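Here's the letter readout for the chains.
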Amino acid sequence: MTSSAGEAPYYRMTGPDGIICLPLTPKGEMVLIRQFRPSLEKETLEIPAGSIDRGETPTETAPREVLEETGYRCAILLPLGSGRLYLNRCTQTEYIFLGLDAEPVANAHPENGITTVVMCRDTFRQMVLRDEVEQTAIMSIFGLVSAKLGIDLMRDPIDDIRRQVLAGMAKE
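Residues numbered from 1 in each chain as written. Predicted model: local features only at pLDDT ≥ 70, side-chain atom pairs only at ≥ 80, totals over all residues. Heavy atoms only, no water.

### Section: the side chain of E56
Tracing the backbone shows E56 in the loop between β4 (49-51) and α1 (58-70). For E56, a relative accessible area of 18% gives the class buried. (Helix = DSSP H or I, 4+ residues; strand = E, 2+ residues; numbered from the N terminus. Buried < 20%, exposed > 50% of the residue type's maximum accessible area, 1.4 Å probe, protein only.)

### Brief notes about the sheet that holds strand β5 (residues 72-83)
Judged by pairing direction, the sheet is mixed, and its four strands sit side by side in the order β4-β1-β6-β5 without closing on themselves. Each edge of the open sheet carries a strand with a single partner, namely β4 and β5. With direction set aside, neighbouring strand axes in the sheet form an average angle of 25°. Across six bridges, strand β1 (residues 18-23) lies against strand β6 (residues 94-104) in parallel orientation. Opposite I20, over in β6, you have I96 as the bridge partner. Sitting on the sheet, α1 touches β1, β4, β5 and β6, and the angle it makes with β5 is about 130°. (Pairing = 2+ DSSP bridges. Axes fitted to C-alpha atoms, helices over the stretch in contact; angles between N-to-C directions. Contact = heavy atoms within 4.5 Å.)

### Structural notes on the pattern of salt bridges
Summed over the entire model, instances satisfying the criterion amount to twelve salt bridges. One salt bridge connects R130 with E132, and the closest N-O pair in it is separated by 2.7 Å. By relative accessible area, which is 40% here, E132 ends up partly exposed. For D160, the salt bridge is made with R163, and the minimal N-O distance between the two is 2.5 Å. Residue D160 and its partner R163 are located together in helix α4 (residues 158-171), separated by three residues, close to a single helical turn. If you follow the salt bridges from partner to partner, you end up with D53, E56, R64, E65 and E68 in one network. (Salt bridge = Lys/Arg side-chain N within 4 Å of Asp/Glu carboxyl O.)

Below, the structure written as structure tokens:
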């Protein structure tokens, strides 16, 4: 594809839309994943994410992807919105979710090559302060939850978060 100015070639990536979800346990811990990313030639710490299968809605995809990648199931899934990660290169829409009361499912195991990491939110916050968090999508969840619900996901007690999420869901 040529750019609109007719100069150098312009490349874009196409693919199915996807979901991104930050699950929190009943204690308020984050359920993350660690996996090797060939493009970076290293392991990364991420939140569960994946493609929406044909005929599936984002709301159906989110619990499936969380279970497949972590072995956990969320009792509450709140859709936060959608957007595009790379406006200059990608056509996919990413649907963003917050999951609450995530608990391990008996006999469920993460996909091959994925390790589940349960981390307290303060440890994660310290990683952010040290610039050790590479996945920008996770930061968008913190911003959306703050803007839409007035919640500080890194500092607010989990009971307050749960109460605000349930109140927000009741308004819909």
